[in-house]
Amino acid sequence: MSRVRARLAGVRLEAWDAEPADAPGESWAPAGRVLLWSPGGIVAVSGTGYSPTGQKLLLGPPCFAYWLSACTGPVRSEPTPWDPDEVEAVEESWLLRFWPAADAAGPALRGEDDDGCRARMREILALAPGSGAPRAAEWPALRPHPRPDPATAVMRYDASVPPAEWNEPKAGEGHADATGPELVHETLGGLVYDVLGKLPQNLWSWSRPMLDDYARRLRVDRRIGRELNPDGAPTLVLPASSVRTPFFGVEPGFSGRAWVWGAGEDAYADVLSVDRETVARDRIRQNTLFTGIVTVLRVENDFVEVRAATRAEAARVLDVERLRG
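First, a word on scope: everything that follows refers to the structure included in this document. On a predicted model such as this, the values are computed, not experimentally measured, just so you know. (Residues numbered from 1 in each chain as written. Predicted model: local features only at pLDDT ≥ 70, side-chain atom pairs only at ≥ 80, totals over all residues. Heavy atoms only, no water.)

### A short note on the nonpolar core
Formally: Joining through side-chain atoms within 4.5 Å is the link that ties buried Ala, Val, Leu, Ile, Met, Phe, Trp, Tyr and Cys residues into a set, and such a set is a nonpolar core. Note on exposure labels: buried denotes an accessible area under 20% of the residue type's maximum, exposed denotes more than 50%, and partly exposed covers the range between, all computed with a 1.4 Å probe on protein chains only. Strands are runs of DSSP state E lasting at least 2 residues, helices are runs of H or I lasting at least 4, and numbering of each runs from the N terminus. Any two residues whose heavy atoms approach within 4.5 Å are treated as being in contact.
The biggest cluster of nonpolar side chains holds 15 residues, and the ones touching the most others in it are Leu238, Val243, Val294, Val304 and Val306. Elements supplying a minimum of two residues to this core: β7 (235-239), β9 (255-262), β11 (287-300) and β12 (303-308). Ranked by the residues each element gives to this core, the list is headed by β11, at three residues. If near-sequence neighbours (up to four positions away) are discounted, valine 294 is found in contact with Val243, Phe254, Ser255, Gly256, Ala258, Val271, Leu272, Val306, Arg307, Ala308 and Ala309.

### Quick look at the sheet that holds strand β5 (residues 64-79)
This is how it is decided: For two strands to be treated as a pair, DSSP must find at least two bridges joining them. Angular values range over 0 to 180 degrees, each being the angle between N-to-C directions of two axes fitted as lines to C-alpha atoms, with helices fitted over their stretch in contact.
Reading across from one edge, β1-β6-β5-β2 is the order of the four strands in this open sheet, with mixed pairing throughout. Of all the strands in the sheet, just β1 (8-15) and β2 (29-38) have a single pairing partner and so form its edges. Ignoring which end each strand starts from, the neighbouring axes of this sheet average 25° apart. Bridge count for β1 against strand β6 (residues 87-103) is eight bridges, and the pairing is parallel. Along β6, the bridge assignment pairs valine 11 with tryptophan 94.

### Comments concerning empty space enclosed by the protein
Note the threshold: Cavities and pockets were defined on a 1 Å grid built from protein atoms only: a cavity is a group of points that admits a 1.4 Å probe but offers it no way out, a pocket is an open group of points flanked by protein on both sides within 12 Å along at least five of seven lines, and a lining residue is one with an atom within 4 Å of any such point. Grid points are joined across faces, edges and corners, and a volume is the space filled by probe spheres set on the points.
This structure, assessed with the given rule, holds one cavity of 30 Å³ or more. Taken as a whole, the largest cavity encloses approximately 150 Å³ of empty space. Forming the walls of the largest cavity are 17 residues, and the residues nearest its centre are Pro62, Gly253, Phe254, Ser255 and Arg316. Counting residues per element, the lining of the largest cavity draws most heavily on helix α5 (residues 311-324), at three residues.

This is the structure:
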């Protein structure tokens, strides 16, 4: 909780492979430490109202317990509008450091009730004494990944603007200098040609702020996808409905089973290589239905990009299949 209650916060997120040995510096004061269960292994920065920044950080695999150490930093103050002799906190700094504590997928799964509802966090985090995080080599999401892109065009909540107008262009914005396809290509650039599936149907009528936000989310999602595939393994783009995961739907970092029709016995063998099975053959169309365990890298427009799951990632899926039949 903020002690100075500034209107704005500059937040720095750091993902470590183990507890940091060095203190963050004299300008940072410890604010607390908690054990966090992360269902997806990815954290995002957002304000208390409708103020998403679009920035995300990959911590590691989903269903892990992570330590979170928080520090507060410098605070910028300014005279209040109503009394120049009185000052108020305008912007404060936060440093949040995360590192893996243990794989909590087992306790999370066992904590589900008969209706499939998730257990409470304190039950999931009741880890056995001495529990330690698995080796980073077993999990691509824990391997060192590129430095995150710098934050740009961070959205800020403006209480003076009605919610219905949050995405509307202001004077001098939107379509003033470009319209339709010209504005889309000017804002998205090469992202247009790398999107999964089709672009949103009404994209050509979006304002520049809406396109800027969409482009930022695409860039962040692509970075996370690269971090989840550090070895550059072959990938495959599928409809999201072709993949099922044990936990919380189809999201980046989650592993599950994919079903794909292909021509020939070796179709998609480089991606559907883990626990690969032939499910059915369509002799009329000369197609074969294959299944295999994959890990989701990106999700866009009802499509997913996947790679073959690693042994540790696949073990979770196989455990769930055995338990649930």
